[in-house]
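Each chain, written out:
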Amino acid sequence: MATDDYTQDGPLAREIAQVIPYFPFKGIPRFYDVGGLLASPTHFQKVVDIMAARYGDLKIDAIGGFDARGFLFTPVALALNKPFFMLRKKGKMPNTIYGEQYTKEYAGSDCLGIPRGAVKPGDRVLLIDDLVATGGTLTAGVELVEAQGATVVECACMVELKFLEGAKKVQSKYPHANVWGFISEDILLNEAKLPDGYEDDGEAH
Ligand code: HSX
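Okay, so let's go over this structure. (Residues numbered from 1 in each chain as written. Predicted model: local features only at pLDDT ≥ 70, side-chain atom pairs only at ≥ 80, totals over all residues. Heavy atoms only, no water.)

## What to know about unusual backbone geometry
Thinking step 1. Put simply, aspartate 67 and alanine 68 share a cis peptide bond, and its omega is 0°.
Thinking step 2. Looking at the secondary structure, you find alanine 68 in the loop between β3 (62–66) and α4 (74–80).
Thinking step 3. Within the chain, lysine 26 stands out as a residue other than glycine whose phi angle is a positive 55°.
Thinking step 4. Residue asparagine 95 is not a glycine yet carries a positive backbone phi of 50°.
Thinking step 5. Here asparagine 95 is to be found in the loop between β4 (84–89) and β5 (96–103). (Helix = DSSP H or I, 4+ residues; strand = E, 2+ residues; numbered from the N terminus.)

Structural data, given as structure tokens:
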């Protein structure tokens with residue numbers, strides 16, 4: 001199968017969706033676990049190839065990944081031979097420029113930072129995360145990157161929880177920063193088999 005079918009919930013998205021299970025976690029009935037993708041090198045490679053193909057012809061100066069699951073997509077930066085930077089939560093990285101507090105799908109607020117000098121005025125930046133839910137994380141990332149005088153050309157998310165309308169929220173504030181969600185909750189149907197006594201021990205934050 002070619003890796004240039006970026007259609008949300010298309011055949012390739014459906015194939016990848018099969019290896020992403022969901023669990024009750026952090027009080028969320030369906031928490032989609034990107035660990036299932038990592039456990040399948042074939043599918044993981046396909047996601048990297050899809051993203052590399054999608055952005056191969058786009059002028060990009062840097063790629064940013066969100067703390068923490070966005071960091072899994074560093075192979076996309078290697079495939080495209082672009083610098084990668086981390087958008088990290090507060091207190092995790094030296095020499096950091098911070099943005100404003102933001103809230104996300106499950107409890108709590110946070111603050112993102114990027115390495116000083118990671119993006120320069122005029123840069124065209126691609127942001128990547130495993131999932132967009134409320135869009136709080138993406139919005140905070142776009143805001144921070146653009147405060148440096150750069151432009152976010154797209155936010156790539158492997159999963160988009162459409163019912164939370166996060167992509168719409170990001171794009172109503174930043175119409176030029178397209179949000180591409182590859183797999184929606186409509187096709188994420190891999191319910192994890194839970195052992196007896198399974199407990200949701202996810203921290204709220
Ligand atoms: C999850 O929350 C994902 O890995 C993302 O980084 C984030 C998405 O939530 P939201 O900010 O869109 O609500 O941990």
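Following the structure, the description resumes.
## As for the site of the ligand
Thinking step 1. By nearness alone, 13 residues border the ligand, and Glu105, Asp129, Asp130, Thr134 and Thr137 come closest of all.
Thinking step 2. In this structure, an oxygen atom belonging to the ligand sits 2.8 Å away from a main-chain N or O atom of glycine 135.
Thinking step 3. Elements with a minimum of two residues in the shell around the ligand: β7 (124–132) and α5 (136–146).
Thinking step 4. In terms of residue count, β7 provides more of the shell around the ligand than any other element does, four residues in total.
Thinking step 5. Tallied by class, the residues present in the shell around the ligand amount to four nonpolar, four polar and five charged. (Near = heavy atom within 4 Å. Polar contact = N/O pair within 3.5 Å; in protein donor to acceptor, adjacent residues only side chain to side chain. Nonpolar A, V, L, I, M, F, W, Y, C, P; charged D, E, K, R; others polar.)

Geometric values such as these leave the question of function open.
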